[in-house]
Amino acid sequence: MKFKISLTMVFILIILITPFHRELLSGKPYPDNVEVNLARKTVETIIPESEEFGRSSGNNTLIVTSGRKEFSEPFTTKLAVWLRAAFSARVDVVSQEELIGYKLPYYLKDKEVIVYYGTDYGRAPGEGFIKHSFTRIKSGETKLVWIGYHGDKIRGQLNSYGIGYGGVKTNTTPGTVASYVDTVANFSFRNRDFVYLELLNPELARVRARLENRPVVVSGRDSSNGSSTDSFYYVGFHPTSYIVSGGAHLIFMDLMHEVYGVRRNKSALIRLEDVNPTSDADKLAEIAGYLSEMNVPFTVSLIPFHLHKNRLTTLREKDDLVKVLTAATKRGGDIVLHGLTHQHTGETGVDSEFWSEKTGTPLEEEGYVKSRIEIGLGELKASGLLGNNSGWETPHYKAGRLGYDLFEAKFDLIYEAPHWNYDLGFLPYPVIRRNSVYVPTNLGYYRGDLSGQQIEEKLTKAGLLQELQFGGVASFFYHPNLGLEKLRPLIAGLIEQGWKFASAKSVVKEFTAAKISSTGGNHELQKVSRLR
């Protein structure tokens, strides 16, 4: 009896001290002074919403992970949402424990991309899954992305791709960065452990990222079928845990473009924020003229009514502003409706419109939300600007589930980062939810600081994103009441970095037109957008 108890205690001790189990069970970010997002939603809360992302027009993708949800969630569901939302992939998730017997060929059939997400150090995938997955690679039917643990179970297969398995190493150095090979970029790494690999045959394998000067992401091609393209990818860290701005998850997502055969433009975007009937028409005209001269498309975030202390001013009352807006739309500008009054009980532009700041709860009455949308569009029509409206921006990005359901039912473009529990705001890409494409403002807003600190911060972030090999967006917004001179340095800096400015509308069209092909990763055109 004592012997059995002793073995049990040893087993429990091993589980508790395993690096990644510490990572998952610890509620504290690492290091303590770094802002880290590690969502802990239950599977029951996450899964129903996750199906709403993407348009399921791309590659058939299967994610395989441990059935022990205390170690696989919310990380696996988050990964599934990323692939659906950013690539429109058709994604199924299955536990490795289900892949046995007759079920195994059924689950793997017609899958063009298989992702093994090894988050459970104590439970490895079965030999049947490993055998069938690598057989499909050799036949040219599938690409396999292996993430995290249990590389020791596929040593033989790794060797055939010119890759060696190193081991698991604990990350004990605050400020560690992952170097993205073939670029000059270093991305923040906050995971508490990682798998390191070895390059055995450079004719077959390529190191894609290094950590502590060791290969941590490697891709390879099969040595037996004469393939010239990589079909196997090993990612030695868990990209959907310990996420930070500018983090190593960006390396993973960039390489998934290669897996899916997708390439995006490197697009910079500017939105002129909170334009309303009391805005200075001359300052807006000066900025619009400058952007036009610089060949910089732009979007105006327009509030049709201004309300303050019971004084209501409407857009149609301001002929000078309407003329400037009309001219701007002819010089590279377009419009997104930014609520009706951008307020509920307070002042326009300061208060929220679909959220109570007093109670911290959404304003969910359907009639209220719908009427504000329709009156706002009506005011644009009365001002002759409706034809230039391309989408919607929620005031202060605050609304409830009903509100966003109604916004999405009306507009193809939602010009803001998505705000749900999947860290989609950390991705520098448009993402799809239901019928709408969300375009982020991932550089935030520019306060017009002439000291140079804000410009340096935003250009540093944009410069890191510029190193992504398969594209992305660098997007910000600016209040035109600050004037032109404070805007010039940021525009010039982004152009110097190599960014090409685009309108949000064009980014949406580019994104929705590309349907990921099931063969060779080529783009097929699919007309899905209602945008003009």
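Calculation notes
- Residues numbered from 1 in each chain as written.
- Predicted model: local features only at pLDDT ≥ 70, side-chain atom pairs only at ≥ 80, totals over all residues.
- Heavy atoms only, no water.
- Helix = DSSP H or I, 4+ residues; strand = E, 2+ residues; numbered from the N terminus.
- Buried < 20%, exposed > 50% of the residue type's maximum accessible area, 1.4 Å probe, protein only.
- Contact = heavy atoms within 4.5 Å.
- Pairing = 2+ DSSP bridges.
- Axes fitted to C-alpha atoms, helices over the stretch in contact; angles between N-to-C directions.
- Patch = residues over 30% accessible without salt bridge, like charges linked within 9 Å, V, L, I, M, F, W, Y side chains within 5 Å.
- Areas by Shrake-Rupley, 256 points an atom, 1.4 Å probe, with all protein chains shown as cover.
- Salt bridge = Lys/Arg side-chain N within 4 Å of Asp/Glu carboxyl O.
- Lys, Arg positive; Asp, Glu negative; His and termini not counted.
- Charge placed at Lys NZ, Arg CZ, Asp CG, Glu CD.
- Arc of directions from axis to C-beta.
- Core = buried A, V, L, I, M, F, W, Y, C linked by side-chain atoms within 4.5 Å.
- Parallel < 35°, antiparallel > 145°, perpendicular 65-115°, else oblique.
- Left-handed = near helix turned anticlockwise from the far one by under 90°.
- Expected span 1.5 Å × (residues − 1).
- Nonpolar A, V, L, I, M, F, W, Y, C, P; charged D, E, K, R; others polar.
- Phe/Tyr/Trp six-rings, centres within 6.5 Å; stacked < 30°, edge-to-face > 60°.
- Lys NZ or Arg CZ within 6 Å of the ring centre and 35° of its normal.
- Polar contact = N/O pair within 3.5 Å; in protein donor to acceptor, adjacent residues only side chain to side chain.

Caption draft 1: View of the overall build of the chain. Across its full length, the chain holds 16 helices and 27 strands. The 532 residues of the chain split such that 56% are buried. Considering only residue pairs separated by 6 or more positions, the chain has 73% of its internal contacts joining residues 24 or more positions apart.

Caption draft 2: Representation of the sheet that holds strand E7 (residues 186–188). Strand order in this open sheet of 9 strands is E2-E1-E3-E4-E11-E10-E9-E6-E7, and the pairing throughout is mixed. For this open sheet the edge positions go to strand E2 (90–95) and E7, each flanked by a neighbour on one side alone. Taking each pair of neighbouring strands and ignoring which way they run, the sheet shows an average axis angle of 20°. As defined by bridge partners, strand E10 (residues 214–220) adjoins strand E11 (residues 232–235) across 4 bridges and the pair is classed as antiparallel. Bridge assignment links Val218 to a residue of E11, and that residue is Tyr234. Sitting on the sheet, helix H7 (residues 127–138) is in contact with strand E1 (60–65), strand E3 (113–118), strand E4 (143–148) and E11, with an inclination near 135° to E4.

Caption draft 3: Quick look at a negative patch on the surface. On the surface, Asp280, Asp282, Glu286, Asp319 and Asp320 cluster together into a patch of negative charge. The set of elements that each furnish at least two residues to the negative patch consists of helix H10 (281–293) and helix H11 (319–329). Tracing the backbone shows Asp320 in helix H11.

Caption draft 4: Layout of unusual backbone geometry. The residue after Glu73, namely Pro74, is reached through a cis peptide bond having omega 10°. In this structure, Ser88 takes a positive phi of about 55° despite not being glycine. In this fold, Ser88 is placed in the loop between helix H5 (75–87) and E2. Phi at His396 is positive, roughly 55°, even though this residue is not glycine. Its place among the elements puts His396 in the loop between strand E19 (389–392) and helix H13 (401–410).

Caption draft 5: Expanded view of helix H16 (residues 504–513). Within the sequence span of H16, burial applies to Ala504, Val507, Val508, Phe511 and Thr512. With its buried residues spanning 120° around the axis, H16 presents them on a single face.

Caption draft 6: View of the nonpolar core. Ranked by size, the top nonpolar core spans 104 residues in total, and within it Ile270, Leu291 and Phe476 carry the most contacts. With 9 residues, H5 is the single largest residue contributor to this core. For Ile270, the residues in contact, after removing those within four places along its chain, are Leu291, Val296, Pro297, Phe298, Thr299, Tyr415, Phe476, Leu487, Ile491 and Phe501.

Caption draft 7: Structural context of the packing of helix H14 (residues 453–466) against helix H15 (residues 488–497). Remark: H14 packs on H15, axes separated minimally by 10 Å, with the N-to-C direction vectors making an angle of 20°. Taken as axis vectors, H14 and H15 run roughly parallel relative to one another. You can see that H14 and H15 cross each other, and the crossing is right-handed. For the pair H14 and H15, contact is made by Ile455, Lys458, Leu459, Ala462, Gly463 and Gln466 and by Pro489, Leu490, Gly493, Leu494 and Gln497, respectively.

Caption draft 8: Just the pattern of salt bridges, in detail. Considering all chains together, one arrives at 26 salt bridges under this definition. Asp405 is paired through a salt bridge with Arg433; the nearest N and O atoms lie 3.9 Å apart. Here Asp405 is found in helix H13, whereas its partner Arg433 is found in strand E21 (residues 431–433), with 28 residues between them in sequence. Judged by relative accessible area, Arg433 falls into the buried class, the value being 1%.

Caption draft 9: Region of interest: H7. A rise of 1.5 Å per residue sets the reference length of H7, with its 12 residues, at 16 Å; its end C-alpha atoms lie 17 Å apart and thus fit the reference within 8%. Buried residues of H7: Phe129, Ile130, Ser133, Phe134, Arg136 and Ile137, and no others. The arc that holds every buried residue of H7, seen down its axis, measures 155°, which confines them to one face. Opposite the buried face of H7, at more than 90 degrees from it, the exposed residues are Glu127 and Lys131. Contact partners of the buried residues in H7: E1, helix H6 (103–108), E3, E4, helix H8 (155–160) and E11. Gly140 sits one or two residues past H7 and shows a positive phi near 80°.

Caption draft 10: Quick peek at the packing of helix H12 (residues 366–382) against H13. The N-to-C vectors of H12 and H13 enclose an angle of 35°; their axes lie 10 Å apart at closest approach. In terms of crossing hand, the pair formed by H12 and H13 is right-handed. On H13, the residues touching Glu366, Val369, Lys370, Ile373, Glu374 and Leu377 of H12 are Leu402, Gly403, Leu406, Phe407 and Lys410. Considered class by class, the residues forming the contact of H12 with H13 number 6 nonpolar, 1 polar and 4 charged.

Caption draft 11: Broad picture of the packing of aromatic side chains. Considering all chains together, one arrives at 21 aromatic pairs under this definition. Ring centres of Phe354 and Trp392 lie 5.9 Å apart, and the angle between their planes is 55°; this geometry places the pair in the tilted category. Of the two residues, Phe354 is situated in the loop between strand E16 (333–337) and strand E17 (355–356) and Trp392 in strand E19; the sequence distance between them amounts to 38 residues. Pair check on accessibility: Phe354 and Trp392 agree, each one buried. By way of ring pairs, the aromatic residues Phe354, Tyr368, Trp392, Tyr404, Phe407 and Phe411 are connected into one cluster. Over the ring of Tyr196 we find Arg214, and its NZ or CZ is 4.3 Å from the ring centre. Over the ring of Phe477 we find Arg271; its NZ or CZ atom is 4.7 Å from the centre of that ring.

Caption draft 12: Fine view of the pairing of E1. Across the 6 residues of E1, 6 count as buried, placing the element largely inside the fold. In E1, alternate side chains face the same way, and those of Asn60, Leu62 and Val64 on one face and Thr61, Ile63 and Thr65 on the other are all buried. Sheet analysis places E1 next to E2, joined by 6 bridges and oriented parallel. Paired with Val64 across the two strands is Val94, which belongs to E2.

Caption draft 13: Representation of the side chain of Arg433 within the structure. A polar contact of 2.8 Å, which involves the side chain of Arg433, links it to the side chain of Glu52. Sequence-distant contacts of Arg433, that is, excluding residues within four places in its chain, are made with Glu52, Phe53, Arg401, Asp405, Glu408, Trp420 and Tyr438.

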